[in-house]
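Each chain, letter by letter, is given below.
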Amino acid sequence: MSHMKRTALVLMSVIALALTSATAASAISAANLQVVGTVTVGNSPSSIAVSPDGRFAYVANSQGSSISVFDTHSLAVVNTISLGGLPVSIVITPDGTTAYAALCSSDEVVTISLATNSVTRSIPTGDCPQRLVMNSLGTRVFVAVGGGAAVSAINVSTNSIIGSVQLPFGSFPFDLALNPDESKIYVANYGNSTVSILNSLAPSNLAVSSSFSTGPAPTSLALSRDGLSLYIANFGGNSVSVVNTGSTPTPTTVNTITGFNNPYRLALSSDGSDLYVANENSSELSVVSTSTGITSRSITTASGPSWVAVNPINQFVYVSNIYAGTVSVIGEPSPTPTSTATPALPTSEPAASLASTGSDVVPQAMLALVLLLTGMGTAAWAQLSRRRRN
């Protein structure tokens, strides 16, 4: 192996270690979480979706026929998207160009161009669609059709329904979760307090493979990164069920965590160490340690916390308060909640973008590697760095 190749390998190892350290450092400790900002949005805010670059949050105003868009850096509402019905759920494609919103009142899912912030298409679904979930490739959107007791699959390329499965009458499917390899869909059935498991490998031929009972009136699901722990918010039972999905022949409840007040929505922290629980009949977000099942923190938000979403870039937590008409922004205390946010950079500058993701070690190692492997002079690198800063 040549000296140049050996040097390159060493530098690449340094970069990998630096990136790993930077990622670990970005996790927010539960002990440091507090409300650092409040955004006033529309009437009865519920679902929140954050753009893939973390720059914008889209809030479904469930009684306002609109979506409020706020800048996660300035916490200012920068746009309001008018709709023809009442939105209850939003998902965004991985490329950040399109949003899908479920409108329960008009029995449809609409597509929204995020370039123009306008509705581009309507997809009829049946009675009162509830939650949406999108696969990782952004090619399928699955819809829990609450009033129609069904789950449907939308082909994103054609924006048409390509498959549906009927669930028991009155089950009112409310929330969905895809397992890591996207072979299964877990369905929280609010009406009959069960969870159905669907085979999703063939979206045009969705089928129920099994089901199991849970606590009263489940409204939210959160699945661990390895897919082995399923957390279920039992809205009517003031509890969260912890289910081992790997047990056979059916998943088994291994813990029931109590002490909540109408838990409506769940979300896991980026590292999976904490479970966030929005208690709708209170003004609190509970933080539960997933290792112990113990509530470690209760953070006061505003009246009626009904949704919780985590920013994929800066790990800030957004909680919609359905009765207050606001979104609470939760993070580590700092002069401004934008201090840890990193705006998305143009893809035409990959070197600068990668160099900006970690600690100071990363730009230095990247500089050495680029100079070594490409022969770029220090003056050219300096020019590229100035472009990134400007």
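In this text, all values refer to a predicted model and were calculated from it rather than measured experimentally. (Residues numbered from 1 in each chain as written. Predicted model: local features only at pLDDT ≥ 70, side-chain atom pairs only at ≥ 80, totals over all residues. Heavy atoms only, no water.)

Throughout the structure, instances matching the rule amount to two salt bridges. Measuring nitrogen to oxygen at the nearest pair gives 3.0 Å for the salt bridge that ties Asp71 to Arg55. One end of the pair, Asp71, is in strand E4 (residues 66-71); the other, Arg55, is in the loop between strand E2 (45-50) and strand E3 (56-61), with 16 residues separating them in the sequence. Owing to a relative accessible area of 25%, Arg55 belongs among the partly exposed residues under this scheme. One salt bridge connects Asp175 with Arg265, and the closest N-O pair in it is separated by 3.1 Å. Taken together, the residues Asp175 in strand E14 (residues 173-178) and Arg265 in strand E22 (residues 263-268) connect sequence positions 90 residues apart. (Salt bridge = Lys/Arg side-chain N within 4 Å of Asp/Glu carboxyl O. Helix = DSSP H or I, 4+ residues; strand = E, 2+ residues; numbered from the N terminus. Buried < 20%, exposed > 50% of the residue type's maximum accessible area, 1.4 Å probe, protein only.)

Glancing now at the sheet that holds E4. Strand order in the open sheet formed by four strands is E2-E3-E4-E5, with antiparallel pairing between adjacent strands. Two strands in the sheet have a free side with no partner beyond their single neighbour: E2 and strand E5 (77-82). In this sheet, adjacent strand axes meet at a mean angle of 20° when their direction is disregarded. (Pairing = 2+ DSSP bridges. Axes fitted to C-alpha atoms, helices over the stretch in contact; angles between N-to-C directions.)

What follows deals with the sheet that holds strand E8 (residues 108-113). Spatial ordering of the open sheet is given by E6-E7-E8-E9, a layout of four strands whose pairing is antiparallel. Looking at the sheet topology across the chains shown, the edges are occupied by strand E6 (87-92) and strand E9 (118-124). Averaged over all adjacent pairs, the angle separating strand axes in this sheet is 25°, with direction ignored. In this sheet, E8 lies alongside strand E7 (residues 98-103) in antiparallel orientation, the contact comprising six bridges. In the strand pairing of E8, Ala101 is matched with Val110.

Moving on, we come to the state of the cysteines. Evaluated as defined, the whole model comprises one disulfide. Residue pairing for Cys104: its cysteine sulfur links by disulfide to Cys128, the two sulfurs lying 1.8 Å apart. Between Cys104 and Cys128, the S-S dihedral sits near -95°, and the bridge is therefore left-handed. One end of the pair, Cys104, is in the loop between E7 and E8; the other, Cys128, is in the loop between E9 and strand E10 (129-134), and 24 residues separate them in sequence. (Disulfide = S-S within 2.5 Å.)

This part is about the pairing of E6. The side chains of a regular strand alternate between both faces of the sheet. With respect to burial, E6 is a largely interior element, six of its six residues being buried. Here E6 runs beside E7; their pairing, made up of five bridges, is antiparallel. Paired with Ile92 across the bridge in E7 is Ala99. The turn joining E6 and E7, which pair antiparallel and follow one another in sequence, is formed by five residues; a positive phi near 75° is taken by Gly96.

Here we come to the side chain of Ser196. Residue position: Ser196 is located in strand E16 (residues 194-199). A distance of 2.9 Å separates a polar atom in the side chain of Ser196 from a polar atom in the side chain of Asn189. Residues within four places of Ser196 in sequence aside, it is in contact with Leu167, Ile185, Tyr186, Val187, Asn189, Ser210 and Ser211. (Polar contact = N/O pair within 3.5 Å; in protein donor to acceptor, adjacent residues only side chain to side chain. Contact = heavy atoms within 4.5 Å.)

Geometrically, a pair of aromatic rings is defined through the distance of the ring centres and the angle of the planes. For the structure shown, the criterion picks out five aromatic pairs. Measuring from centroid to centroid gives 5.7 Å for Phe70 and Tyr318, while their planes differ by 80°, and the two rings are edge-to-face. Note that Phe70 is positioned in strand E4 and Tyr318 in strand E27 (residues 317-321), a separation of 248 residues in sequence. There is no split in this pair, since Phe70 and Tyr318 are both buried. Geometrically, the ring pair formed by Phe235 and Tyr264 is edge-to-face, given 5.9 Å between the ring centres and 80° between the ring planes. In this pair, Phe235 sits in the loop between strand E19 (229-234) and strand E20 (239-244) while Tyr264 sits in strand E22, placing the two residues 29 residues apart along the sequence. Looking at Tyr264, the relative accessible area reads 13%, which means it is buried. (Phe/Tyr/Trp six-rings, centres within 6.5 Å; stacked < 30°, edge-to-face > 60°.)

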